[in-house]
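This is what each chain is made of:
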Amino acid sequence: MTHTTPAAPPVDGAALLDEVEAFHRRFNVFPTEHAYTAVTLWDAHAHLMDALDGTARLAFLSPEPGSGKSRALEIVETLTPRAAMTVNASANALFRLVSAGEGTPTLLFDEIDTVFGPKAGGNEEVRGFLNSGYRRGATSLRCVGDGNDQTAGFFPSFCAVAMGGLGSLPDTILTRSVIIRMRKKAPNETCEPYRRRLHEKQGHALRDRLADWTATLHDQVAEAWPEMPEGVTDRPADVWEPLLVVADAAGGHWPDRARAACVALIKAASEGDEASLGVRLLTDLRDRVFCGVDRMPTAAILEVLLSLDDAPWADLSEDGQSTKPLTARALSKLLSQYVKPDNTRIKPRGIRVGSTTPKGYYAEDLEDAWSRYCSRPQEIRNIRHAATSQVTGGESVADTCRVADTPDADASPPLMRIVG
């Protein structure tokens, strides 16, 4: 008589993710519920690197020390495969770590501000590693060998990376990251003290169960194309795709929670972004200066820009220390970076005003740059709609999450009507 071993029951992925989230809640105080969702999905996605085309960087950032960033990385360390914690590393060491052959590591980079902070000097090679390694197949060309016996070789950089640091990170890294803005615990916020000798084993037990579960998902994940929330496209979609894949594979409440977290954290990150000075100028010209007028003299443009209390135009930095108001020359220099619809640079032109012809700008020359570089009202509405339907279940978010309206084209300031 032949005896067969009964097959193990399938793992309840949603319940397992619930346990991982509960483990984080024991030791971490995150700023929002969406942060718990995102970090839990990130832990699980690190076990699926051989099936995914991309990975999201995870960035725990705060303005002050003592905000729980290092503790968050410690808990992530217990839950992810082949975790390697570092506070400083050369680019060459990072490339060799990824290509070592023991499997794709999970890199945990604490005190990342010492690598990219104002006193760190840029660290362009490390930045290049972090930028390139979020996509499968990313490599860097390095010399290997001894002394003069050097040969060129390609080193992979694709791996999951979580970071913790003060302040911010280079924009090229932030756009590839799920950003968790950590903060000091309030008096009413408490969590369990973490004791490595006791709690690390508990985290490793969850890590091993995540590994067993995700091992059954390889083919499913490799073929998955998750549906993105409305308004989430381009780089944000690339960042969130692997996390949504995990949520869909887990099922239960995780697909809905993941998409709500996606919309909320993308929105929070975009509100913290500072556009380049050129994009800020283009946006102010469209929404607060021209406002439907087809042409304006430079003097009138400067008068409006310099009157904006919440804009940088009255005190631009000249040499990193001294400041001065925006001038016609500086305005021309900033706008000349962009081109007109005929692909020639934007430059001031003569404008007939009564019996004079002062230099100024035409809206038709700026329209192509406006369409390419400035957020469009429809994009804002899409994100608003997604935030309403997925974060609040369709209820109004007017009282909890106000987004500044795009100025109405008819709401022209008095000066516009005069010069028009």
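Each remark here, short or long, concerns the structure printed above.
Residue indices follow the written sequence of each chain, beginning from 1 at its first position. Reporting in this predicted model follows two pLDDT cut-offs: at least 70 for local features of residues, and 80 or more for side-chain atom pairs to be given and counted; totals over whole chains, interfaces and linings ignore these cut-offs and use all residues. Each side-chain value is derived from all of the structure's non-hydrogen atoms; neither hydrogens nor water enter the calculation.

Helix and strand assignments follow DSSP, with helices taken as H or I runs no shorter than four residues and strands as E runs no shorter than two, numbered in order from the N terminus. If you tally the helices and strands in the protein, you get 17 helices and 12 strands. Think of it in three bands: with a 1.4 Å probe and only protein chains considered, a residue is buried below 20% of the maximum accessible area for its type, exposed above 50%, and partly exposed in between. In the protein, which comprises 420 residues, the proportion classed as buried is 44%. Of the contacts made within the protein by residues no fewer than 6 positions apart, 69% connect residues no fewer than 24 positions apart. When the accessible area of the protein is evaluated, it comes to approximately 22000 Å², of which 50% is carbon and sulfur surface. We call two residues in contact whenever any of their non-hydrogen atoms come within 4.5 Å of each other. Every accessible area reported is derived by Shrake-Rupley at a probe size of 1.4 Å, with residue values counting cover from the shown protein chains alone.

What follows is about the environment of Gly252. The residue Gly252 is located in the loop between α10 (234-250) and α11 (254-272) in this model. Taking the relative accessible area as the measure of exposure, Gly252 reaches 68% and is therefore exposed. Taking the C-alpha atoms as reference points, Gly252 and Ala15, separated by 237 residues in sequence, lie 8.4 Å from one another.

So, on to the sheet that holds strand β11 (residues 349-350). If you walk across this open sheet you meet the 3 strands as β8-β12-β11, and the pairing is antiparallel. Single-partner strands in this sheet number two, and they are β8 (295-297) and β11. In this scheme, strands are said to pair when DSSP sees at least two bridges between them. In this sheet, strand β12 (residues 359-362) lies alongside β11 in antiparallel orientation, the contact comprising 2 bridges. Paired with Gly350 across the two strands is Lys359, which belongs to β12. To obtain an axis, a line is fitted to C-alpha atoms, over the contacting stretch when the element is a helix, and the angle between two such axes runs from 0 to 180 degrees between their N-to-C directions. Across the sheet, helix α15 (residues 363-373) is in contact with β11 and β12; its angle to β12 comes to roughly 50 degrees.

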